[in-house]
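# A closer look at the structure
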Protein chains: 4
Amino acid sequence: MINLRNDYASIAHPKILSKMVELQNNTFVGYGLDEISDAAKLIIQKEVGQLNAEVCFLVGGTITNKVLISHILKPYEAVVSVESGHINVHETGTIEQGGHKIITVPHHLGKMKVADLNRAVMMHTDEHMVKPKLVYITQATEYGTLYTKQELQEISEYCKEHNLYLFVDGARLGVALTTEHTDLTIKDLAVMTDAFYIGGTKCGALLGEALVIMNEEMKHEIRYSIKHFGGMYAKGFVAGIQFKTLFEDGLYYQIARCQNDLASNLTKGLKELGVKFLMETETNQIFPIFSNEIIKKLEKHLMFELWEKGENESTIRFVCHYLLTESDIKKALEIIQEQL
Amino acid sequence: MINLRNDYASIAHPKILSKMVELQNNTFVGYGLDEISDAAKLIIQKEVGQLNAEVCFLVGGTITNKVLISHILKPYEAVVSVESGHINVHETGTIEQGGHKIITVPHHLGKMKVADLNRAVMMHTDEHMVKPKLVYITQATEYGTLYTKQELQEISEYCKEHNLYLFVDGARLGVALTTEHTDLTIKDLAVMTDAFYIGGTKCGALLGEALVIMNEEMKHEIRYSIKHFGGMYAKGFVAGIQFKTLFEDGLYYQIARCQNDLASNLTKGLKELGVKFLMETETNQIFPIFSNEIIKKLEKHLMFELWEKGENESTIRFVCHYLLTESDIKKALEIIQEQL
Amino acid sequence: MINLRNDYASIAHPKILSKMVELQNNTFVGYGLDEISDAAKLIIQKEVGQLNAEVCFLVGGTITNKVLISHILKPYEAVVSVESGHINVHETGTIEQGGHKIITVPHHLGKMKVADLNRAVMMHTDEHMVKPKLVYITQATEYGTLYTKQELQEISEYCKEHNLYLFVDGARLGVALTTEHTDLTIKDLAVMTDAFYIGGTKCGALLGEALVIMNEEMKHEIRYSIKHFGGMYAKGFVAGIQFKTLFEDGLYYQIARCQNDLASNLTKGLKELGVKFLMETETNQIFPIFSNEIIKKLEKHLMFELWEKGENESTIRFVCHYLLTESDIKKALEIIQEQL
Amino acid sequence: MINLRNDYASIAHPKILSKMVELQNNTFVGYGLDEISDAAKLIIQKEVGQLNAEVCFLVGGTITNKVLISHILKPYEAVVSVESGHINVHETGTIEQGGHKIITVPHHLGKMKVADLNRAVMMHTDEHMVKPKLVYITQATEYGTLYTKQELQEISEYCKEHNLYLFVDGARLGVALTTEHTDLTIKDLAVMTDAFYIGGTKCGALLGEALVIMNEEMKHEIRYSIKHFGGMYAKGFVAGIQFKTLFEDGLYYQIARCQNDLASNLTKGLKELGVKFLMETETNQIFPIFSNEIIKKLEKHLMFELWEKGENESTIRFVCHYLLTESDIKKALEIIQEQL
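## Overview of the pattern of salt bridges
All names here are of chain A. Overall, the coordinates contain 49 salt bridges over all chains when judged by the stated rule. A salt bridge links Asp116 to Arg119, with the nearest nitrogen and oxygen atoms 3.0 Å apart. You can see Asp116 and its partner Arg119 sitting in helix H6 (residues 114-123), three residues apart, about one turn around the helix. The class of Asp116 is buried, set by a relative accessible area of 9%.

Set out below in structure tokens:
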């Protein structure tokens, strides 16, 4: 079985585990106040070009979204997200658990358009409705697509003009930053947003995400909210070690680039076989369409997710991760070719 | 510096890290649905003597408490805890974030007495007050003390008679089970409670806790609540590997026993030096009392927490962990002797 | 100025105030446990044909929706509502404050279709998404339209088959029950739903709504939730007196019928003047369309709400209430005719 | 039966009902934006000596406490209250429903001492605990006692020095302001606090409380929170009419004074009969102690609440309200005398 199901299927990158073994006899101060976490924060501050940014490590993406959003919003304020946004679909109502409404707008290949955002904002006029206050987008999106620098710039400007916060969920930020299809750097992201997070779990880390906050108001007492909503590590150094390892020598980008390249080759091979796609691929998620009959056969050899079930044919999702090799991709293509 | 500050100061026990390295090229199904997690659950079910128990792995103790409590309580139902209970003091209002009041009763060396519990229950008579519905206790307690089998039995019976759930926070369950001062087994615990958790973080795990649920009503859809409140791992297997390693050959108990033995020897040595204690020690936390002057000097050589500050003398807390050796304890005693 | 803005513009029906004056020297037991409240409950139980129904009086519609929904749902369970549903648009996130997501489906003249409901239910398959558990509809809808007996029957059956609760917001139930366009009785409603509420505020009451619960599970400890979420009257008898007065001699229906008749005559008159409508009228809300120029002029003589603003012409909303007379309607029509 | 049970036992003061009857054919703008509400607000602003104060009318005391507290606190911030505080005991966890912990301190005849407050504040030192941010007290207290000007001044100064908000629950503010035992005016209260509310329900109103906010930050978007937490009237004018009537000619104080005088005479009479009290009386609540045998007999003739049950003798609570007359008090005393 070749595992094309997701990019969080393995324990952690060998370099991370090896670093942990190296340090296993050391003791550290708890709750992220240790020196390695400090070092990891400094590396990330430099990486994003914001030495005053607050960098916090949290245990997972869902809790990171909730902490940041609940920390900054007043009870009656709401988040705006595309319908396909992770917080709206796949977090089992975590944002609502924090008391906040998600106002949804249509997505365009997973992305938000300013015109839709504006329509939503304009509809909320008084205290009988929630007040839109924070815009949530994902980069890469749930469809593996990307905001261009221009697109993000437009959203960012709209937010500033309308006194809205802008927060980017970067669960898959690595592949977004390293694909040839992007013109948006991590430094751009830091300039254009109030906060974003750098996803570790889906890019080689054992677990954990790095929340990066530029907005002063958001920084204030953020550690209280991290603890209050249950996102704080006792062993904060476990995150610090991982992010130091990922960012001190570019390992994060190397893993992400590998994941993109594999997906790109898989796409190329599938196109040569005449396979159709739900949409063009920009990162490590791809969405080929097969007949339901073929899908049934593929399931015996490949692990993947069914994305959109249709009567006769369906879309499936392949996700490439760093443990795969070019020879796995080649083998997967052969398996598919046999079924066509 | 000898680190006597806490038992979550190191990354993880070498056997756990070595297991992770061994498996680093494998891929797993996500969200705890993998085979290793299944194996770990089975081992724990056998260990607690309840093959029908639901076992779930969560990322930390605070979120475990919140998930279980919020999952089972109706909005107006409340938890009863001693004033010194972890959920009441050191979780930054996480239970209240879930909407529930904590009704507090006085503690006796960290423990709850049935008479106090009964008084609290009797005071809540109608819908103008919250309804007490779940009793929360910790074993070992925040003061390192233990409920005897008899004491837990009494609380358990009271709960059954009054239709209350009983939940035990086992963040330090390892040291509670392995000290010579206890007559309470993990099987007893499973029989007498509706749910409890086995703390990994403070007993050699990298991070993570194992929630064990006997009560059928609590089991129902618990995975929804784990996700909803932000306690679910994407990489569930990371927890599964740890708990399998900890429980398949008794490593968990071995670590805990080591932590207790070190504390016991430290206590013995301190007593020989004439040091007073806030209370008798039963597990790996001990609470010696020194003059503030001496404490200041000790801080240069030892890491520890200030527990209760007084005018002239104060209580400090030493916690023993598995990375310490008998020679560290000896050295610590020498350092202390020098200051007396 | 003729007030066509809403049906909660006056203090209360004279018969209610006169009853209050009559009883102003009496004292009553608090919190709705008085004899007049009991009498009012019995009248309503008989009226809905369910002598075992639980009847509770709450201070307002928004809090009634929240209490019922939060009382019965588990934290991760969600409400399904049409996009135009009052809880989704005009309650400032009250349901989300209680921690629950509202899953929205498209509306058809304000109404939910079973096919849309089914699509939403089918999409929510596992613990990574909220679990749809309660269907919320309004009768009459926010557009003044009505579910037919057949339509409600279909939704009711779907809910029973899929283990969903059905709750009807009856803020404007009076006009829904008394229009000639309906075939649905209050007894039907009680048979087909788990709970609904009878709106007082928009039908002659000073304030207050009567929540009627048939579902046994929902009845359990509902008074705790009413208090917990802030919906309980200290002076419960103030509600009891009102609902007794409204229902003992059919005053409720008389007020509602009056409101419908006025709206019907206004519609008829407007049609004779060639005015277009956004949709057909079934109750006391009507939605005529005028040029923006005319609307500006009408504002000098009539009070109404702008419903949907367009470039050249817009929809406005007229709501008829019991204080208006046929001569007010005639005068309003003359004013409009002058501007056309 | 003479009703000495509470001060919310009658519908409303005749002057209020008569004003409502007078205006019953008028229509008003909804949601408290009408002219009578504006007039009522202005009268109250003048009364408290703060023309910039924000005045809002809410449906009840419990929801008023919740709205103000949840509006201003960040998720991890907590309220400090005496153990006997209404929000802590008799609101069924409403503050916790809003996500906030109540830190309790001991009460002294229902009142908070600065020393206790300081101890609680000092104990909360970092992000592992909630952050005390708002002090909640009641005037008159749940025991009918009063803060003197000096006592309130001390609390107020402590709050300013420690960056804490001060909020006073004035459910029984009327009797607090009109007793001869007080030296604290409503103008003092406005100077010394960030917000307080003037209770209507327990002083002649049909229902409703007037929230008065001096603190600018608290004023900001308060109407959003009032709606969000379910405390907004559709018919805001119903509150406006009441508070205008209560405050334009001193009716509020007249009712309160009457309630105090009756209680004072009742106390005097009881003392002459040799009856003991739990504590000295300052307002309209008094707490006499009788043998349980006598209490049983009194229940046949008088309505009252059992306050603290003892083995042989118990404390009961008598509350005087404006519908009672001196002859009722005399009769009550005779009834009691007969049983002694």
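Let's pick the thread back up.
## Examining unusual backbone geometry
A cis amide bond links Gln139(C) with the next residue in sequence, Ala140(C), at an omega value of -10°. Even without glycine at this site, Asn163(B) takes up a positive phi of about 60°. Relative to the helices and strands, Asn163(B) is located in the loop between helix H7 (149-161) and strand S6 (165-169). Backbone geometry at Leu109(D) places phi at a positive 50°, although glycine is not the residue there. Inspection of the secondary structure puts Leu109(D) in the loop between strand S4 (102-105) and helix H6 (114-123). The class of Leu109(D) is partly exposed, set by a relative accessible area of 47%.

## So, the side chain of Lys66(A)
All names here are of chain A. Positionally, Lys66 belongs in helix H3 (residues 61-72). Buried charged residue Lys66 carries no salt bridge. Nearest counter-charge: Glu91, at 9.4 Å. Side-chain polar atoms of Lys66 contact the side chain of Gln97, separated by 2.4 Å.

## Focus: the relation of the copies chain B and chain A
Once chain B has been moved 0.0 Å along the axis and rotated by 180°, it coincides with chain A to within an RMSD of 0.0 Å. The transformation relating the two chain copies, once decomposed into turn and shift, fits a two-fold axis.

## Quick look at the packing of aromatic side chains
Per the stated rule, a full pass over the model turns up 52 aromatic pairs over all chains. Both rings, one in Tyr143(A) and one in Phe287(A), keep their centres 6.1 Å apart while their planes meet at 45°; by these two values the pair is tilted. You can see Tyr143(A) sitting in the loop between strand S5 (131-138) and helix H7 (149-161) and its partner Phe287(A) sitting in the loop between strand S10 (285-286) and strand S11 (288-291), a full 144 residues away along the chain. Phe287(A) carries the same exposure label as Tyr143(A), and that label is buried. Feature note: the residues Phe57(A), Phe243(A), Phe247(A), Tyr252(A) and Tyr253(A) constitute an aromatic cluster, connected by ring pairs. Across from the ring centre of Tyr165(B), 5.3 Å away, lies the NZ or CZ of Lys133(B), which sits over that ring.

## Quick word on the interface of chain B and chain A
Contacts between the two partners involve 49 residues from chain B and, on the opposite side, 49 residues from chain A. Carbon and sulfur atoms make up 63% of the area that chain B and chain A hide from each other, which totals about 4,100 Å². Across the chain B-chain A interface, the total number found is zero salt bridges. Counting across the interface, chain B meets chain A through 19 residue pairs in polar contact (both at pLDDT 80 or more). Only helix H1 (14-22), helix H3 (61-72), helix H5 (94-97), helix H11 (222-228) and helix H12 (236-248) of chain B provide two or more residues apiece to the side of chain B that touches chain A. When residues in the side of chain B that touches chain A are grouped by element, the largest group, four residues, is from H1(B).

## Description of a positive patch on the surface
Residues Lys296(A), Lys297(A), Lys300(A) and Lys309(A) make up a contiguous surface patch of positive charge. Within the secondary structure, Lys300(A) sits in the loop between helix H14 (292-298) and strand S12 (302-303).

## Some thoughts on H6(A)
It helps to recall that an α-helix has 3.6 residues per turn; residues three or four apart then point in one direction. All names here are of chain A. Where H6 is concerned, the buried positions are Asp116, Leu117, Ala120 and Val121. Buried residues of H6, seen end-on, are gathered within an arc of 135° and therefore sit on one face of the element. Opposite the buried face of H6, at more than 90 degrees from it, the exposed residues are Arg119 and Met123. As for H6, its buried residues are in contact with strand S3 (77-82), strand S4 (102-105), S5 and H7.

## Some points on the pairing of strand S5 (residues 131-138) of chain C
Along a regular strand, successive side chains alternate from one face of the sheet to the other. Residues and elements named next belong to chain C. In terms of burial, S5 is a largely internal element, seven of the eight residues being buried. Here four bridges tie strand S3 (residues 77-82) to S5, and the two strands are oriented parallel to one another. Across the sheet, residue Val80 finds its bridge partner in S5, namely Val135. Both S5 and strand S6 (residues 165-169) contribute to a ladder of five bridges, which runs parallel. Note that in S6 the partner of Leu134 across the bridge is Tyr165. As for the winding sense of the linkage, the β-α-β connection from S5 through helix H7 (residues 149-161) to S6 is right-handed.

## Regarding the packing of H1(B) against H12(B)
Residues and elements named next belong to chain B. As a packed pair, H1 and H12 sit with axes 9 Å apart at the nearest point and diverge in direction by 130°. When the axis of H1 is compared with that of H12, the two are oblique. Two packed elements cross with a definite hand, and for H1 against H12 that hand is right-handed. Contacts from Lys15, Ile16, Lys19 and Met20 of H1 reach H12 at Val238, Ile241, Gln242, Thr245 and Leu246. Residue composition of the contact of H1 with H12, grouped by class: five nonpolar, two polar and two charged.

## Examining the interface of chain B and chain C
Listed by partner, the interface residues are 24 residues for chain B and 24 residues for chain C. Both faces considered, chain B and chain C share a buried interface measuring about 2,000 Å² in area, 55% of it formed by carbon and sulfur atoms. For chain B, the biggest contributors to the area lost against chain C are Tyr76(B), Glu127(B) and Tyr224(B); these three give 37% of the whole. Those elements giving two or more residues to the side of chain B that touches chain C turn out to be H3 and H11 of chain B. For the side of chain B that touches chain C, a count of residues per class yields eight nonpolar, eight polar and eight charged.

## Quick word on the relation of the copies chain B and chain C
If you rotate chain B by 180° and push it 0.0 Å along the axis, it lands on chain C with an RMSD of 0.0 Å. A share of 100% of the interface residues of chain B reappears at the interface of chain C, consistent with the copies meeting face to face through the same patch.

## A short note on the confidence of the model for chain A
Looking at chain A, pLDDT values average 97 and 100% of them are 70 or higher. Complex prediction metrics read pTM 0.97 and ipTM 0.96.

## So, the sheet that holds strand S2 (residues 54-58) of chain C
Residue and element names in this part refer to chain C. Pairing is mixed across the open sheet formed by seven strands, whose spatial order is S2-S8-S7-S6-S5-S3-S4. A single partner strand is all that each edge strand has here, and the edge strands are S2 and strand S4 (102-105). Ignoring strand direction, the axes of neighbouring strands in this sheet form an average angle of 25°. The sheet strands contacting helix H2 (residues 35-48) are S2, strand S7 (195-199) and strand S8 (209-213), and the helix crosses S2 at an angle near 125°.

## Section: the packing of helix H1 (residues 14-22) of chain C against helix H1 (residues 14-22) of chain D
Direction vectors running N to C along H1(C) and H1(D) enclose 160°, while the axes themselves pass 10 Å from each other. Taken together, the axis directions place H1(C) and H1(D) in an arrangement best described as roughly antiparallel. When the axes of H1(C) and H1(D) are compared, the crossing they make is left-handed. Residues Leu17(C), Met20(C) and Val21(C) of H1(C) pack against Leu17(D), Met20(D) and Val21(D) of H1(D). Class assignment for the residues of the contact of H1(C) with H1(D) results in six nonpolar, no polar and no charged.

Cut-offs applied
Residues numbered from 1 in each chain as written. Chains lettered and ligands numbered in written order. Predicted model: local features only at pLDDT ≥ 70, side-chain atom pairs only at ≥ 80, totals over all residues. Heavy atoms only, no water. Salt bridge = Lys/Arg side-chain N within 4 Å of Asp/Glu carboxyl O. Helix = DSSP H or I, 4+ residues; strand = E, 2+ residues; numbered from the N terminus. Buried < 20%, exposed > 50% of the residue type's maximum accessible area, 1.4 Å probe, protein only. Lys, Arg positive; Asp, Glu negative; His and termini not counted. Polar contact = N/O pair within 3.5 Å; in protein donor to acceptor, adjacent residues only side chain to side chain. Least-squares fit on C-alpha atoms with pLDDT ≥ 70 in both. Phe/Tyr/Trp six-rings, centres within 6.5 Å; stacked < 30°, edge-to-face > 60°. Lys NZ or Arg CZ within 6 Å of the ring centre and 35° of its normal. Contact = heavy atoms within 4.5 Å. Buried area = accessible area lost by both parts, 1.4 Å probe. Patch = residues over 30% accessible without salt bridge, like charges linked within 9 Å, V, L, I, M, F, W, Y side chains within 5 Å. Areas by Shrake-Rupley, 256 points an atom, 1.4 Å probe, with all protein chains shown as cover. Charge placed at Lys NZ, Arg CZ, Asp CG, Glu CD. Arc of directions from axis to C-beta. Pairing = 2+ DSSP bridges. Right-handed = clockwise from strand over helix to strand, strands pointing away. Axes fitted to C-alpha atoms, helices over the stretch in contact; angles between N-to-C directions. Parallel < 35°, antiparallel > 145°, perpendicular 65-115°, else oblique. Left-handed = near helix turned anticlockwise from the far one by under 90°. Nonpolar A, V, L, I, M, F, W, Y, C, P; charged D, E, K, R; others polar. pLDDT = per-residue confidence, 0-100.

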